[in-house]
Amino acid sequence: MNSIIAFYIFIIGLCIGSFLNVVILRGLSGENFIISRSKCPKCNNQLKWYMNIPLISYIFLKGKCAFCGEKISVQYPIVEFITGCTFLILYLTFGFTFKTLFMCLFFSLFIAISTTDILETVIIDYHAYILAVLAVIYALFGLNDINTMQAVIGGVLGYIIFEILARIGYFISNFRMFGEGDSLIALGLGAIFGIKNFLITIILSILIQSLCAIPVLIINTYKKRDYRLSVSYILVLFSLFFVFIVNYFEIIKNSMIYLGIVILITMALLWSVKNILSSVKNKKELDFNEAKTHFSLLPFGPAMIISAVVCIFFLKQIKLFIHAFLF
Ligand SMILES: [Zn+2]
């Protein structure tokens, strides 16, 4: 019986994935997605119902339009399959509950947000607004560990923190430290996690981002011969490692020496951030609203989403881990 329900939930996931593909593409193109039916973007032929079956149609059509033979983007089956698997995993983890229903909605938005971010480094603002509103409703129903007020405050503070950081980056180097989209994701995630746990997800996303960025950084350093950037990154990582070791083994007991080292590290970090942000020269002075993020780094949005997913399943373990190492 359970496996039958699980199978149906996987199928529902595939169909929602198919719907998400439409939401993603029409979000990017600004079309109204309620009125028009699915068409081939190349030859404009309306698809028959049997060409619209998630996953299966793609396999049978061998990834090509049945009318004109134009290649269908692999985004379609990938999004469908990931959504199907996600729904299945959520059902197996949280059972046949209201919590699962909300989690399916959250994860659908996570998938839409990261896909638009990966495809065009754009986040559609209403995706993030819906996420934030759902998070508040989720807390209102008492399904979350935080109450409604904490969800609202978490969302607002998350957004403000990211906007402040973006402005600091702009102040130092004419680049936003984070994109507008990242602030919007912070709005949604802050409302889901509440401000305390949101900070944990941010630390985790910085770790994920750094790990992914290291290969890109090495390649860029080699190509551009700009070693300042690598030195800055190594300095940041070394500083964090140093703080961690000193705290963990309680090496320095004299508080004045400790304070001195903290000031030195802070200055080194500021210097590094300035270097990292200004390593690509801005041609002219841009207004904050027109300023871009630093594109030689990877987009931060997907790292935030991955971190949120990890935290939804493993927040307790992560907290225990941090507690064991830092205190
Ligand atoms: Zn076609």
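Engineer: How would you summarise the overall build of the protein chain if you had to cite specific residues and measurements?
Structural biologist: When its secondary structure is counted, the protein chain shows ten helices and zero strands. Here the protein chain holds 327 residues, and the buried ones make up 31% of them. Nonlocal contacts in the protein chain, meaning residues at least 24 apart in sequence, comprise 70% of its contacts between residues at least 6 apart.

Engineer: Describe the confidence of the model for the protein chain, listing the residues and the values that go with them.
Structural biologist: In the predicted model, the protein chain carries a mean pLDDT of 84, and 87% of its residues have values of at least 70. Element-level mean pLDDT values for the protein chain span from 73 in helix 8 (residues 227–249) up to 96 in helix 5 (residues 125–140).

Engineer: Give a detailed account of unusual backbone geometry, specifying residues and quantitative values.
Structural biologist: We note that Leu-55 has phi near 65°; this positive angle belongs to a residue other than glycine. Within the secondary structure, Leu-55 is located in the loop between helix 1 (2–29) and helix 2 (56–60). Positive phi is not limited to glycine here, since Lys-62 has a value of about 50°. Position of Lys-62 among the secondary structure elements: in the loop between helix 2 and helix 3 (75–94). Look at Lys-62 and you get exposed, because 9 C-beta atoms sit within 10 Å.

Engineer: Help me get a handle on the environment of Pro-54, residues and values and all.
Structural biologist: Topologically, Pro-54 is positioned in the loop between helix 1 and helix 2. Here Pro-54 is in contact with Leu-14, Cys-15, Gly-17, Ser-18 and Glu-80, once residues within four sequence places are set aside.

Engineer: So what's going on with helix 1? Residues and values would help.
Structural biologist: Taking 1.5 Å per residue, 28 residues should reach 40 Å; helix 1 reaches 40 Å between its end C-alpha atoms and fits that length. For helix 1, every residue scored as buried is listed here: Ile-9, Gly-13, Leu-14, Ile-16, Gly-17, Ser-18, Leu-20, Asn-21, Val-23, Ile-24 and Gly-27. In this fold, the buried residues of helix 1 make contact with helix 3, helix 4 (98–120) and helix 5.

Engineer: Outline the packing of helix 1 against helix 4, supporting the account with residue identities and numerical values.
Structural biologist: The geometry of helix 1 relative to helix 4 is characterised by a closest axis approach of 10 Å and an angle of 45° between their N-to-C directions. Regarding the angle of helix 1 to helix 4, the classification is oblique. Classified by chirality, the crossing of helix 4 by helix 1 is right-handed. Taking contact as the criterion, the partners of Ile-16, Leu-20, Val-23, Ile-24, Gly-27 and Leu-28 in helix 1 are, on helix 4, Ser-108, Ile-111, Ala-112, Thr-115, Thr-116, Leu-119 and Glu-120. Tallied by class, the residues present in the contact of helix 1 with helix 4 amount to eight nonpolar, four polar and one charged.

Engineer: Residues and numbers for the nonpolar core, please.
Structural biologist: In terms of nonpolar packing, the biggest core is built from 53 residues, with Phe-106, Phe-110, Ile-113, Ala-128, Ala-135, Ile-185 and Leu-189 touching the most fellow members. Where this core is concerned, the elements lending two or more residues are helix 1, helix 3, helix 4, helix 5, helix 6 (148–173), helix 7 (180–224) and helix 10 (300–326). Filtering out sequence-adjacent residues up to four positions away, Leu-189 remains in contact with Gly-158, Phe-198, Thr-201, Met-304 and Ala-308.

Engineer: Give a detailed account of the packing of helix 1 against helix 3, specifying residues and quantitative values.
Structural biologist: For the pair helix 1 and helix 3, the least separation of the axes is 7 Å and the interaxial angle reads 140°. With respect to helix 3, the element helix 1 is oriented oblique. With respect to the hand of their crossing, helix 1 and helix 3 are arranged in right-handed fashion. Where helix 1 approaches helix 3, its residues Ala-6, Ile-9, Phe-10, Ile-12, Gly-13, Leu-14, Ile-16, Gly-17, Ser-18, Leu-20 and Asn-21 are matched on the opposing element by Gln-75, Tyr-76, Val-79, Glu-80, Ile-82, Thr-83, Gly-84, Thr-86, Phe-87, Leu-88, Tyr-91 and Leu-92. Partitioning the contact of helix 1 with helix 3 into residue classes produces 14 nonpolar, eight polar and one charged.

Engineer: Explain the environment of Gly-155 to me, and be specific about the residues and the numbers.
Structural biologist: Along the polypeptide, Gly-155 turns up in helix 6. For Gly-155, a count of 27 C-beta atoms within 10 Å gives the class buried. Through-space distance from the C-alpha of Gly-155 to that of Val-136 is 9.0 Å; in sequence the pair is 19 residues apart. Those residues within four positions of Gly-155 in sequence are excluded, and the remaining contacts are Ala-132, Ala-135, Leu-187, Gly-190 and Ala-191.

Engineer: I'd like a rundown of helix 7, residues and numbers included.
Structural biologist: For helix 7, built from 45 residues, the straight-helix expectation of 66 Å at 1.5 Å per residue is missed by more than 12%, its first-to-last C-alpha distance being only 28 Å. For helix 7, the principal kink sits at Gly-194 and spans about 115°.

What counts and how
- Residues numbered from 1 in each chain as written.
- Predicted model: local features only at pLDDT ≥ 70, side-chain atom pairs only at ≥ 80, totals over all residues.
- Helix = DSSP H or I, 4+ residues; strand = E, 2+ residues; numbered from the N terminus.
- Buried ≥ 20, exposed ≤ 12 C-beta atoms within 10 Å, placed from the backbone.
- Contact = placed C-beta atoms within 7 Å.
- pLDDT = per-residue confidence, 0-100.
- Expected span 1.5 Å × (residues − 1).
- Axes fitted to C-alpha atoms, helices over the stretch in contact; angles between N-to-C directions.
- Parallel < 35°, antiparallel > 145°, perpendicular 65-115°, else oblique.
- Left-handed = near helix turned anticlockwise from the far one by under 90°.
- Nonpolar A, V, L, I, M, F, W, Y, C, P; charged D, E, K, R; others polar.
- Core = buried A, V, L, I, M, F, W, Y, C linked by C-beta atoms within 7 Å.
- Bend = angle between axes of the 7 residues up to and from the residue.

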